[in-house]
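# Residue-level structure breakdown
Read off the chains here:
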Amino acid sequence: MQALISATAPERPRPASPAVGGPFELAGSFYHDGFRLAYTEYGAGESLVVLTHGLLMSRRMHKPLAEDLAGRGFRVVTLDLLGHGDSDRPAESWRYSMTTYAGQVLALLDHLGAGTAVVGGTSLGANVALEVAVRAPDRLRGLVVEMPVLDNAVFAGLLAFPPLLFAARFTPAVVRAVAGVASLVPHGNQWVDVITDTLSQRPEPMAAVLHGLMFGRLAPPRGLRREIAPPTLVIGHAGDPVHPFGDADTLARDIPAAEFVQARSPVELRLDPGRLTDTIVNFIARCYSGAASRMPV
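Residues numbered from 1 in each chain as written. Predicted model: local features only at pLDDT ≥ 70, side-chain atom pairs only at ≥ 80, totals over all residues. Heavy atoms only, no water.

## A short note on the overall build of the protein chain
Definition in use: Elements are defined by DSSP. Helices are runs of H or I of four residues or more, strands are runs of E of two residues or more, and each kind is numbered from the N terminus. It is over C-alpha atoms that the radius of gyration is taken, and the globule rule equals 2.2 Å times the number of residues to the power 0.38. With a 1.4 Å probe rolled over the protein chains alone, any residue whose accessible area is under 20% of its type maximum counts as buried; one over 50% counts as exposed, and the rest are partly exposed. Working rule for contacts: check all heavy atoms of both residues, and any pair within 4.5 Å makes them a contact. Counted charges follow a simple rule, with Lys and Arg positive, Asp and Glu negative, and His plus the chain ends left uncounted. Throughout, a charge is located at the NZ atom of Lys, the CZ atom of Arg, the CG atom of Asp or the CD atom of Glu.
A tally of helices and strands in the protein chain yields eleven helices and nine strands. Taken over C-alpha atoms, the radius of gyration comes to 18 Å for the protein chain, in line with the 19 Å a tight globule of 297 residues would show. For the protein chain, with 297 residues in total, the buried portion stands at 53%. Contacts spanning at least 24 positions in sequence make up 73% of the contacts within the protein chain whose residues lie at least 6 apart. Treating the 26 positive side-chain charges of the protein chain as one cloud and the 28 negative ones as another, the clouds have centres 2 Å apart.

Here you go:
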């Protein structure tokens, strides 16, 4: 692996403000390729889980799931990928790609001193997890992939994301105005905070992120997906053209050691998480016990 940490000393994690009686929560950061990447750590178990977020969102989206997993004995780390959340936001589009993001997840494992982890993510984060599996399968105990974005999502993506790129490039004042309004919304509600995080964009980095990802590799091609060895939990749902059921179903068929669970809606894990959280907990526990299936190598 190439050198991952810059000469600048990593920031020491600092205590956040967990709920009384809940698992402890630490916010920290480290440097990779000269840029600061922010993360939050929950719990103190020996079994590590890393979660990454959706496009233009932040690690805050996984806070409830991370707290649930930590409460069940896992050590969970949520990461802001470059250009998102509290991480640095350079304005050069070539700095953003799925494979670059996979390198940031591996850099996080190195920073934490962790040999292996279960790596999961939603949408963008799901595809990043797949790239980690292709690049460094020996670093994975398993994958949790929610809302993967493959070929079936291309048409909807072409409708959804070019207007955002156009706005960021050619009407930056609109992006700044939206961010300004979002900054006025009081914090304190989990999902209101997630929405305001997503709306709090700066036009130049936003355009760079969208440009880099739209014109780069969306996901590992099918030939590489069929070689993914770690056990994989794929979560898909119907009724969302950007994350079509067909992509999740195809991925589950491509990966030899995949298990598939259908969510009742795109927001089940956010608004009614009990069933899916139990499924995820059971899967992660089996990854660490060796009971989850793994493709022979």
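## Comments concerning the side chain of His-53
This is how the line gets drawn: Think of a polar contact as two N or O atoms within 3.5 Å of one another; within protein, one of them needs to be a possible hydrogen donor and the other a possible acceptor, and neighboring residues in sequence only count if both atoms come from side chains.
Residue placement: His-53 occurs in the loop between strand E4 (48-52) and helix H1 (63-71). Within the structure, His-53 has its side chain in polar contact with the backbone nitrogen of Leu-81 (distance 3.0 Å). Once residues within four sequence positions are removed from consideration, His-53 is found in contact with Ser-58, Arg-59, Met-61, His-62, Leu-79, Asp-80, Leu-81, His-84, Thr-122, Leu-124 and Gly-125.

## Observations regarding the nonpolar core
Generally speaking, a soluble globular protein has its nonpolar side chains buried in company with each other. Let me state the cut-off plainly: We call a set of buried Ala, Val, Leu, Ile, Met, Phe, Trp, Tyr and Cys residues a nonpolar core when their side-chain atoms join them within 4.5 Å.
Formed by 77 residues in total, the largest nonpolar core has its most connected members in Leu-48, Leu-69, Tyr-101, Leu-143, Ile-280 and Ile-284. If you tally residues by element for this core, the top one is helix H2 (residues 98-112), at nine residues. Beyond its immediate stretch of four places on either side in the chain, Leu-69 contacts Val-49, Phe-74, Val-76, Ile-280, Val-281 and Ile-284.

## Brief notes about the packing of H1 against helix H11 (residues 274-289)
Rules: Axis definition: a line fitted to C-alpha atoms, limited for helices to the stretch in contact. Angles are taken between N-to-C directions and run from 0 to 180 degrees. Working rule for angles: under 35 degrees goes down as roughly parallel, over 145 as roughly antiparallel, 65 to 115 as roughly perpendicular, anything else as oblique. Put simply, a crossing is left-handed when the front helix is turned counterclockwise from the back one by less than a right angle, and right-handed when it is turned clockwise. Think of it as three bins: nonpolar holds Ala, Val, Leu, Ile, Met, Phe, Trp, Tyr, Cys and Pro, charged holds Asp, Glu, Lys and Arg, and polar takes everything else, Gly as well.
Taken N-terminus to C-terminus, the directions of H1 and H11 make an angle of 50°; their axes are 11 Å apart at the nearest point. Here H11 runs oblique to H1, going by the angle between their axes. Along this stretch, H1 crosses H11, giving a crossing that reads as right-handed. When H1 is examined against H11, the residues Leu-65, Asp-68 and Leu-69 are found in contact with a partner set consisting of Thr-277, Ile-280, Val-281 and Ile-284. Among the residues forming the contact of H1 with H11, the class breakdown is five nonpolar, one polar and one charged.

## What about helix H7 (residues 203-214)?
Note the following rule: Expected helix span is computed as 1.5 Å times (number of residues minus one).
The end-to-end C-alpha separation of H7 is 16 Å, in line with the 16 Å expected for twelve residues at 1.5 Å each. Of all twelve residues that make up H7, nine are buried, and the element is covered over most of its length. Residues of H7 that are buried include every one of Pro-203, Pro-205, Met-206, Ala-207, Ala-208, Val-209, Leu-210, Gly-212 and Leu-213, and no others.

## Structural notes on the pairing of strand E7 (residues 140-146)
The side chains of a regular strand alternate, residue by residue, between the two faces of the sheet. Basically, it comes down to this: The pairing criterion for strands is at least two bridges between them, as found by DSSP. Handedness of a crossover is defined as follows: with both strands directed away from the viewer, a clockwise route from the first strand across the helix to the second makes it right-handed.
Burial runs high along E7: six of the seven residues are buried. Direction of pairing for strand E6 (residues 117-122) relative to E7: parallel, over a ladder of six bridges. Following the sheet pairing, Val-119 is matched in E7 by Leu-143. Between the parallel elements E6 and E7, the chain passes through helix H3 (residues 124-135) in a crossover that is right-handed.

## Section: a nonpolar patch on the surface
Which entries qualify depends on this criterion: Here a patch means residues that are over 30% exposed by relative accessible area and free of salt bridges, tied together within 9 Å if like-charged and within 5 Å if nonpolar (Val, Leu, Ile, Met, Phe, Trp, Tyr). Using a 1.4 Å probe, accessible areas were evaluated by the Shrake-Rupley method; residue-level cover was limited to the displayed protein chains. The salt bridge criterion pairs a side-chain nitrogen of Lys or Arg with a carboxyl oxygen of Asp or Glu, the two atoms within 4 Å.
On the surface, a cluster of nonpolar side chains totalling about 330 Å² of accessible area is made up of Val-174, Val-178, Ile-195 and Leu-199. Among the elements of the structure, helix H5 (172-183) and helix H6 (190-199) are those that each provide at least two residues to the nonpolar patch. By the secondary structure assignment, Leu-199 is in helix H6.

## Focus on the side chain of His-237
Inspection of the secondary structure puts His-237 in the loop between strand E8 (232-236) and helix H9 (245-254). A distance of 3.3 Å separates a polar atom in the side chain of His-237 from a polar atom in the side chain of Asp-240. The residues touching His-237, leaving out its near neighbours within four places in the chain, are Met-147, His-243, Pro-244, Phe-245, Ala-263, Ser-265 and Pro-266.

## Observations regarding the pairing of strand E2 (residues 25-32)
Of all the eight residues making up E2, seven are buried; the element is thus mostly covered by neighbouring parts of the structure. The sheet contact formed by E2 and strand E3 (residues 35-42) spans eight bridges and is antiparallel. Within E3, the residue paired with Tyr-31 across the bridge is Arg-36. Hairpin geometry of E2 and E3 is characterised by an intervening segment of two residues between the two adjacent antiparallel strands and by a positive phi of about 55° at Asp-33.

## Details of H1
Residues spaced three or four apart along an α-helix face the same direction, because each turn holds 3.6 residues. Filter applied, for reference: As used here, the arc belongs to the directions running from the helix axis to the C-beta atoms.
Three or more residues of H1 are buried, namely Leu-65, Ala-66, Leu-69 and Ala-70. In a view along the axis of H1, the buried residues occupy a sector of 130°, so they form one face of it. Buried positions along H1 lie against E3, E4, strand E5 (75-79), helix H10 (268-271) and H11. A positive phi of about 105° marks Gly-73, the residue just after H1.

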